[in-house]
Amino acid sequence: MSNTISPENPALTSEQPPACEALNSPVGPAAVDQQQQQKNIEDLFDALPDMVFVVSFDGTILHHNAAVAETLAYPLNGLIGQSLLSAHPPELRTEATRLFLSALAGETNFSTLALLTADGQRIDAETRIVRGRWNGQPALIGVTRNTRERTLADEALRHSEQRFRQVFAIAPVATALSRISDGRFLEVNEAYSQMFGWTREYMLASNSVDLGIWPSAAERNVFIAKLFGEGGIHGHESSITDHYGRSREVLISATLADIEGEPCVLSMLHDQTERQRAQAEAWAARELVREVTDALPVAVYRYCFENEHYRLLFCNRKLLDLCGVTPEQAKTNPALVLARIHADDLLPFRDGQLAAWRAKAPFSMELRVIATDGSERWMYVYSEPMSLPDGSYVYNGYVQDIGDSRRAADAMRLAAGVFEHAHEGILISDDAGIIIDVNRTFIELSGYARDEVIGRNAIALQGSELPGHVVNALRAAIVSDGHWRGELWSRRKNGERYAQRVTVSAVFAANGSVSHYIAIFSDITQAKQHQNQLERMAHYDALTQLPNRVLLADRLQQALAHARRYGRMLGLAYLDLDGFKPINDRFGHEAGDRLLVEIAHRLRSSLRGDDTVARLGGDEFVLLLSELASADECRLSLQRMLEVVAQPYRIGDEEFVVTASIGVTLFPQDDADPDTLLRHADQSMYLAKQAGRSRYHLYDSELDRRARARNEAVARIHEALREREFTLYYQPKVDMRRGRVFGVEALIRWQHPERGLLLPLDFLPDIENSDFASTLGAWVLEEALTQLSAWRRSGLDLSVSVNVSARELADASFLDRLADALRRHFAIDPAALELEVLENAALGDVGHATRVIEGCHKLGVRIALDDFGTGYSSLTYFRRLPVDTLKIDRSFVRDMLVDEEDLAIVEGVIALTRAFRRKVVAEGVETPEHGLALLHLGCDCAQGYGIARPMPAGAIADWIANFRPDPTWSREDLSLGSLFSVSND
């Protein structure tokens, strides 16, 4: 088959002008030169991202754009003169010929034939061909788009849908999709069908009303109405009945969805049955505790001291009845409880309780109480401290009536009930330690039956789990104090070890001898295990098993104390890896974690036994080098650490090197507290990085002093904003030619309590590169808009300019914050707000600045380029920035009457704004002659001390009312030349 395409029908070569011919047709009598017009068309084609072919009627490629050469990997114009068929695979050339001939017949063709690159690769493409003219001759013009990326996107979409269906099917949350119109299920997952007991196929063949999920269609319609009324998302708790008639409590979350144009509901059901049952059981348990304590024959209570003031936290009904107060009175006014104590016993009671509290010791006392019936009764009061998880402690105590034998008998009977049903295991032995009774909880804890322990020695039952020194301490405490408390490890009958909290108390006979022993046990195994886990988690890094920040602080504190006591030197080094993030990004977080573990191992293996390596997080480590003989020894250790870290690592088949930067400070040369030492090492580490990395840097105190001074200045500025010490002054901007005030510029001032009114240069440089610059900028914007609203309400028609720092401009949330501010002040026309951006800030990143400025324009806000001429002043950059106004910097305007170069700059800037149709405002107008010179040069708008100094907002209205244009501005007898005293030499 020939590569030249020749139409068989001569009629196909007729030169009827197609639609594309208008591209080369002259327009009107003043038509542009045909060659120039052809050149414009070629430039247009080259600018298109799609491939463009121009083909003669015999199939020869007359022209193609740059996209063809780039996509098919040919040199520029590399296909010109070749047959169009050479751009298609051989097996597609017959079809390509057919499409070519139909295009010659005047049809607009669309094809999806693949193209061949220069190296034989196939590219999926879509081509549209029309007839036209090229250089005055009939031709075919084809536009081709590479569809490979769209094909890949379609494939990815199919995979994504497949993955979604898989996730939907196996999701543990019961999920269903149903139509709004009839409630018919479109899809349910396995969890949904299992919840109701029907198969998925059965549910898909029915709807929620027929299955009884909704009692009636009316109730379902009410639910749908709520769903629409709440913005398409609704959640509520409900009871459902499954296929077997079982009731379940569920939390239903529903949302509206549109599936191929069909309104649907996506419902997710969370089974709440077990949670509600657990809540009910917890409530019942709390009530049981309340009922049990209220049933006790003794008054029990819990209290603490706050600032040495007694506070009653809990008491049972017995104490309330004894004192004749309500629960609310007991909590809010403990004095009502204490008032029942006999006057002679009250002071010893309070002093004794307070002393016990300070010593964290038990408290006991016999005292008299005046009951509500007026009778005087003797009571035994006992309480003991209990630590809480947060480190604080409270006292639990009881009050026992020791003067009423009947109450004593009732208390004994009640105690027997408590003994059997108590949640703690209780053991009673005789004076020789032989067990005579145990309660049900003891049997459950130990695994022994009652008859297996009755008659056995209580200590022997513990076996080898009870060390001899503990037995001796227990006996000594009982002899001296009558009781012993502690924690023991014991074994159940099946051999399992468990931890106990034990209280052993002696019961004395009337003659003062011990008659019985009572031991109370509680299982604290889980608490001990949890405590051990928490201690491990609190002190060691989970990934590397190195000490963490908490344990490091403890060891550093001890090392410093030792170094001070014995006059030793120690080093604290802060190590940060160089280039860790690229490795993490390249190989993944799992490989990064393995690398950190390997580095931790190397560091730990390279240190001396008394030294510590800790991980603070990420790729940051701290080395604590104790017992240093000299600074040189520290340097040798650090150099060794650098070499150890820099040894090659391997991930898979790839080998790479990671280095470290280390900052170190030495004690006692740096005699600071632990936190400050760590901060000094951290600062030195950053200096090591700045010096080239893979090295260490010794702390410099002068550098720290400067950094601390700057931090103090920044902190004071933060405080000034909180204390509302900042205020805004406003400098008028006037149109000198028309003699009117058209706006003001908002300028921040600091009303310092000691230093007086400070200008921006006195404090803004301290926060220039901090995030607080954006915070302060947001405050200025809000204050300016609030003042503008007040002026507008009073009838004052002004615009306000607000300066925007480079930090604010770079903030990704700047446009969102600006939009929020405008919404809060919706009554203000956004065009009344102008943002002034410094030239250096705008041109530092022109692309980002352009996007921000365009975003401001969409909000209706105008943009001015401030201090123009002091920065890059590139015409190319300026052309790309869509600013509305240029502000000529005051340094040029101030000296323009005496400096030839400044005059040329001012004149050039004004000409530039005229050429680009931008507004221009001159700053620094200090004399009437400045204003008149600017008017002669074509600049009408200005501001400066010669017009008005910045003033408080309250002075603006009066100033505008009294404003009169300077007469010099309208003098025609003063020529431009007469204003300048510039030498012509």
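Rules used throughout
Residues numbered from 1 in each chain as written. Predicted model: local features only at pLDDT ≥ 70, side-chain atom pairs only at ≥ 80, totals over all residues. Heavy atoms only, no water. pLDDT = per-residue confidence, 0-100. Contact = heavy atoms within 4.5 Å. Pairing = 2+ DSSP bridges. Helix = DSSP H or I, 4+ residues; strand = E, 2+ residues; numbered from the N terminus. Axes fitted to C-alpha atoms, helices over the stretch in contact; angles between N-to-C directions. Core = buried A, V, L, I, M, F, W, Y, C linked by side-chain atoms within 4.5 Å. Buried < 20%, exposed > 50% of the residue type's maximum accessible area, 1.4 Å probe, protein only. Salt bridge = Lys/Arg side-chain N within 4 Å of Asp/Glu carboxyl O. Parallel < 35°, antiparallel > 145°, perpendicular 65-115°, else oblique. Left-handed = near helix turned anticlockwise from the far one by under 90°. Nonpolar A, V, L, I, M, F, W, Y, C, P; charged D, E, K, R; others polar. Phe/Tyr/Trp six-rings, centres within 6.5 Å; stacked < 30°, edge-to-face > 60°. Lys NZ or Arg CZ within 6 Å of the ring centre and 35° of its normal. Lys, Arg positive; Asp, Glu negative; His and termini not counted. Expected span 1.5 Å × (residues − 1). Arc of directions from axis to C-beta. Polar contact = N/O pair within 3.5 Å; in protein donor to acceptor, adjacent residues only side chain to side chain.

1. Some words on the confidence of the model for the protein chain
For the protein chain, mean pLDDT is 83; residues scoring 70 or higher make up 90% of the total. Confidence over residues 6-31 falls short of pLDDT 50; this stretch has 34 contacts with residues more than four positions distant or in other chains.

2. Quick word on the sheet that holds strand β13 (residues 299-306)
Two modes of strand pairing occur in sheets, parallel and antiparallel, and in both the strands are linked by backbone hydrogen bonds. Pairing in this open sheet of five strands is antiparallel, and the strands run β14-β13-β17-β16-β15 from one edge to the other. Either end of the sheet is taken by a strand with one partner, and the two such strands are β14 (309-315) and β15 (363-370). Direction aside, the axes of adjacent strands within the sheet are offset by 30° on average. Across nine bridges, the pairing between strand β16 (residues 376-387) and strand β17 (residues 393-401) is antiparallel. Bridged to S387 within β17 is Y393. Running over the sheet, helix α12 (residues 343-359) touches β13, β14, β15, β16 and β17 and is turned about 155° from β15.

3. Details of the pairing of strand β12 (residues 262-271)
Note on strand geometry: in a regular strand, side chains alternate between the two faces of the sheet. Judged from the six bridges that link them, strand β8 (residues 174-179) and β12 form a sheet pairing that is antiparallel. Note on β12: the bridge partner recorded for L177 is L266. Note that strand β11 (residues 247-259) and β12 share ten bridges and pair antiparallel. The residue of β12 that forms the bridge with L251 is H270. Connecting β11 to the antiparallel partner β12 that follows it, the hairpin turn spans two residues, and E260 within it adopts a positive phi of roughly 55°.

4. Here's the deal with the nonpolar core
Core analysis: the largest hydrophobic core is formed by 81 residues, its most contacted members being F726, W791, L833, L835, M896, V906 and L934. No other element matches helix α25 (residues 772-793), which puts nine residues into this core. Setting aside residues no more than four positions away along its own chain, W791 makes contact with Y730, V744, L796, L798, V800, A953 and I956. A573, I599, F656 and L666 belong to the second largest nonpolar core, which has 33 residues in total.

5. Focus: the pattern of salt bridges
Scanning all chains against the criterion turns up 45 salt bridges. The salt bridge partner of E496 is R492, with a shortest N-O separation of 3.5 Å. When salt bridges with common partners are traced through the structure, they connect K733, E745, E834, E836, R862, K887 and E923 into a single cluster.

6. Thoughts on the packing of helix α27 (residues 814-824) against helix α29 (residues 846-858)
Axis separation between α27 and α29 bottoms out at 10 Å; the angle between their running directions is 15°. Between α27 and α29, the angle falls in the class roughly parallel. Our pair here, α27 against α29, has a crossing hand that is right-handed. In contact with F814, L815 and L818 of α27, α29 contributes R851, V852, G855 and C856. Partitioning the contact of α27 with α29 into residue classes produces five nonpolar, one polar and one charged.

7. Brief notes about the environment of L204
In this structure, L204 sits in helix α6 (residues 200-204). Between the C-alpha atoms of L204 and E187, which are 17 residues apart in sequence, the distance is 6.5 Å. Not counting the four nearest positions on each side in its chain, L204 is found in contact with R184, F185, L186, E187 and V188.

8. Remarks on the pairing of β16
Of the strand pairs in this sheet, β15 and β16 are connected by eight bridges, and their pairing is antiparallel. Bridge assignment links S364 to a residue of β16, and that residue is Y382. Adjacent in sequence and paired antiparallel, β15 and β16 are bridged by five residues, among which G374 carries a positive phi angle near 90°. Connecting β16 to the next strand, β17, in antiparallel fashion are five residues, including G391 with a positive phi near 95°.

9. With respect to the packing of aromatic side chains
Applying the stated criterion across every chain yields a total of 25 aromatic pairs. Aromatic pair F587 and F656: ring centres 5.6 Å apart, planes at 20°, arrangement stacked. In this pair, F587 sits in helix α20 (residues 580-587) while F656 sits in strand β27 (residues 654-656), placing the two residues 69 residues apart along the sequence. Among the residues examined, F587 registers a relative accessible area of 24% and is labelled partly exposed. Since its relative accessible area comes to 13%, F656 is described here as buried. Above the face of the Y945 ring, R949 is positioned so that its terminal group lies 3.9 Å from the ring centre.

10. A short note on the sheet that holds strand β22 (residues 514-523)
Pairing is antiparallel in the open sheet, where five strands are placed in the order β19-β18-β22-β21-β20. The outermost strands of the open sheet, each flanked by one partner alone, are β19 (435-438) and β20 (483-491). Put simply, the sheet's adjacent strands are angled 25° from each other on average, direction ignored. Pairing geometry for strand β18 (residues 425-430) and β19, over three bridges, is antiparallel. Bridge pairing in β19 links L427 to V438. Taken strand by strand, helix α17 (residues 468-481) contacts β20, β21 (497-508) and β22, and its axis lies near 155° from that of β20.

11. Things to note about the side chain of D902
Within the element layout of this structure, D902 appears in helix α32 (residues 900-915). Nearest to the buried, unbridged D902 among oppositely charged side chains is R894, at 6.6 Å. Not counting residues within four places of it along the chain, the set of residues in contact with D902 comprises S891, F892, D895 and M896.

12. As for the packing of helix α19 (residues 549-566) against helix α23 (residues 674-690)
Packing of α19 against α23 brings their axes to within 10 Å, and their N-to-C directions diverge by 110°. Considering their axes alone, α19 and α23 lie roughly perpendicular with respect to each other. Contact residues: α19 offers R549, L556, Q557 and L560, while α23 offers P674, L677 and L678. The residue makeup of the contact of α19 with α23, split by class, is five nonpolar, one polar and one charged.

13. Here's the deal with α19
Compared with an ideal rise of 1.5 Å per residue, which puts 18 residues at 26 Å, α19 spans 25 Å between its outermost C-alpha atoms and is within 8% of the ideal. Within the sequence span of α19, burial applies to L551, L552, L556, A559, L560 and A563. The buried residues of α19 occupy an angular sector of 165° when the element is viewed end-on, so they sit on one face. Those residues of α19 hidden inside the fold are in contact with α18 (525-539), β23 (569-578), β24 (612-617), β25 (620-628), β28 (659-667) and α23. At the N-terminal boundary of α19, the capping side chain belongs to N548, with an oxygen 3.1 Å from the backbone nitrogen of V550. Phi turns positive one or two residues past the end of α19, at G567, with a value near 65°.

14. Here's the deal with the environment of I583
With respect to the secondary-structure elements, I583 resides in helix α20. A relative accessible area of 10% places I583 in the buried class. Residues I583 and I651, 68 residues apart in the sequence, show an inter-C-alpha distance of 10.0 Å. Once residues within four sequence positions are removed from consideration, I583 is found in contact with G588, L595, I651, F656 and V658.

15. Describing the environment of I960
Relative to the helices and strands, I960 resides in helix α34 (residues 956-962). Sequence separation between I960 and V741 is 219 residues, and the spatial gap between their C-alpha atoms is 7.0 Å. Excluding residues that lie within four positions of it along the chain, I960 makes contacts with V741, L796 and L798.

16. Side note on helix α33 (residues 928-937)
With seven of its ten residues buried, α33 lies for the most part within the structure. Of all the residues in α33, the buried ones are H930, G931, L932, A933, L934, L935 and L937. Following α33 by one or two positions, G938 adopts a phi angle in the positive range, close to 105°.

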